[in-house]
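Descriptive structure summary
Here is what each chain is made of, one letter per residue.
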Amino acid sequence: MPGIISLGTRAMFAAQAQLNTTAANISNANTPGYSRQTVELETAGGQFTGAGFFGKGVNITTVSRAHDAFLSREVTLSQALAAHDAARLEQLQRVERVFDLGENGLGARVSAFLNAFVDVASDPNDPSARQVVLSRAQALTSQVRSVAAQLDSIQTGVTEDIKTSVDAANQLVQRIADLNQQIARVKGFGHEPNDLLDQREQLINELNHYIGVTQIPASDGTVGLFIGGGQKLLLGSNALELRALPDTYDSSRVVLGVHEGGVDRRLDDRVLGGGSIAGLLRFQREDLPVAINEVGRLAGVIAARVNAQHAAGTTPPPVAPGPPIFATGAPRALPASTNTGTAAVGVVIQDATLLSAKDLELTFRSGAWQVRELPDGSFTALSAAQLLSDHGLQLSFSGTAQEGDRFLLEPSRLVAASMDVILNDPMRLAATSATESNGNAKAMLALRDERMVRGMTLADAYAGVTASVGVRVMGAEAASEMSSSIAKDAEVRRNNVEGVNLDEEAARLIQFQQAYQAAAKVLQVAQSVFDTLLQTAAR
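One structure accompanies this document, and this report is about it.

Procedures and definitions
- Residues numbered from 1 in each chain as written.
- Predicted model: local features only at pLDDT ≥ 70, side-chain atom pairs only at ≥ 80, totals over all residues.
- Heavy atoms only, no water.
- Pairing = 2+ DSSP bridges.
- Helix = DSSP H or I, 4+ residues; strand = E, 2+ residues; numbered from the N terminus.
- Contact = heavy atoms within 4.5 Å.
- Axes fitted to C-alpha atoms, helices over the stretch in contact; angles between N-to-C directions.
- Phe/Tyr/Trp six-rings, centres within 6.5 Å; stacked < 30°, edge-to-face > 60°.
- Buried < 20%, exposed > 50% of the residue type's maximum accessible area, 1.4 Å probe, protein only.
- Lys NZ or Arg CZ within 6 Å of the ring centre and 35° of its normal.
- 1 Å grid on protein atoms, 1.4 Å probe; cavity = no way out; pocket = protein on both sides within 12 Å on 5 of 7 lines; lining within 4 Å.
- Points joined across faces, edges and corners; volume = space filled by probe spheres on them.
- Nonpolar A, V, L, I, M, F, W, Y, C, P; charged D, E, K, R; others polar.

Strand order in the open sheet formed by 4 strands is β5-β6-β7-β8, and the pairing between neighbours is antiparallel. Edge positions in the sheet fall to β5 (214-217) and β8 (238-239), since each of these pairs with one other strand and no more. The strands that helix α6 (residues 194-210) touches are β5, β6 (223-227) and β7 (231-235); relative to β6, the one it contacts most, it runs at about 5°.

Here it is in structure tokens:
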């Protein structure tokens, strides 16, 4: 009698555990990060008798979770890359909206300003025609400043997004560290804490949306997290703090760093791998500076050529060379915060038509200055003649440089932001040349077709800028669509292995219900047999 009761009891407990686990699976079918759980059973072994071995029933060994480490890693890596591409695409689309090709765009404003000299050429003494020139000049500079302000606003938004994302990532890392501690504490019980493991994996997935991490499991059940090609972020329950640090040259921009041992260490965003933070940093390093510099270059070329041509003409009495029409911002050289010497660098634009859309970095090495184009150019020996012919710049140095001192040259970044009209009197427009009473007005009008921007007209140069931004957006869209599709496919494959299928769980529910009923029947039979034995013994 004890045998059949024990068999029935074991079977009932096993079926009840399976029913409970199946019910938990069903209730968590839509819980993010939940992995399907299964009751693992084993035979209780056999008991030897003279007639052979008789089974002793079933034992519950553990409750396991459906988990595939390879698929989980694939999901986290693909999600990190998708988040990187999506973050960069979003910012590039904002830049694209700044460059309007319509009648309110920068290109149209340039054409309208130069076209205004048609009426001045027709009647140089007409004050209303002269006033239209200055009005359109004001509209042009206003549009230039607006574009520059919008691009600066994008940079401000990127800086704030990075700071917010870093704070969110730090919170996730700390929560993962807490779960590591809980998992290690219960690891000694001999069973996997399935729910805790699911929670940790879900948090790691969320963390990868901000920054790509590499996971390394430890023997105590904890997991180590590493970023940036090997920089530790979490070991056991000891989490390091990510920080948004001021850029080495410009405090309005930020870079990613990690705080360890009381020291902030900057990380190279090119090796971060994935996550929205890496995408924002790449946009800040590769895409936005080019857009800002392209606008600055156009503004610089317009101002330089218009002012130069205007100075070639003469004004109405009192006769004088044409004064400057436009003023622009100056180039700048920013010292690195790590410089140890007293060196200072001055930079002036000698030929605005040679300006490029790239910033330059100067580094003092082995007693000499070297220069490279950003973001990824190679260092070469600094040559004043080459710098002038390639970029239209002239440098001056003062003080003493030390090994490793660096400067960031921004020839065009501030040119557009402060562009303005400084000629207020329309009668001071120089429409006359040395040979004709409207010769200089014609020459001003001819600037429309002059190839003054590295072999392009102003209209073509602006169209080229817009096309360049469009190409970047198209490339980013393609990359984002591909990485997003890969991430979704990886998640589907993982869910097929780890997720809950309600149809399958419903079938298992019926299966385990029947097993429970059968086990209960065994106990009922055992009770009936026991009652019969008692009645027989009473007789």
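Before going further, it helps to spend a moment on the packing of aromatic side chains. On inspection of all chains with the given rule, the structure shows 6 aromatic pairs. Each ring, one from F99 and one from Y462, has its centre 6.3 Å from the other, and the planes form 45°; the classification is tilted. Remark: Y462 occurs in helix α10 (residues 458-498) and F99 occurs in the loop between α2 (69-98) and α3 (106-115); sequence separation between them is 363 residues. On the accessibility criterion, F99 (6% relative accessible area) is buried. With centroids separated by 5.4 Å and ring planes inclined at 65°, the aromatic side chains of F113 and F326 adopt a geometry described as edge-to-face. Highlighted residues: F113 in helix α3 and F326 in strand β12 (residues 326-327), separated in sequence by 213 residues. With a relative accessible area of 1%, F113 lands in the buried category. The exposure class assigned to F326 is buried, which follows from its relative accessible area of 2%. Above the plane of the ring of F379 lies R365, whose end atom (NZ or CZ) is 4.3 Å from the centre.

What follows covers the layout of surface pockets. In this structure, the largest pocket occupies an estimated 720 Å³ of space. Along its surface, the largest pocket is lined by 29 residues, and D247, V255, D269, R285 and L374 are the ones closest to its centre. Only β10 (254-260), α7 (276-312) and β19 (406-410) provide two or more residues apiece to the lining of the largest pocket. At 7 residues, α7 tops the list of elements feeding residues into the lining of the largest pocket.

Another point: empty space enclosed by the protein. One pass over the full model with this rule turns up 2 cavities of 30 Å³ or more. Counted as a void, the largest cavity has a volume near 70 Å³. Lining the largest cavity, in full, are L92, V95, D287, L288, V290, A291, E294, V465, S468, V469 and R472. Taken together, the elements giving at least two residues each to the lining of the largest cavity come down to α2, α7 and α10. When grouped by side-chain class, the residues that make up the lining of the largest cavity number 7 nonpolar, 1 polar and 3 charged. Reported here for the second largest cavity is a volume of approximately 50 Å³. Looking at the lining of the second largest cavity, the elements with two or more residues in it are α3, α7 and α10. For the lining of the second largest cavity, the class distribution of residues is 7 nonpolar, 1 polar and no charged.

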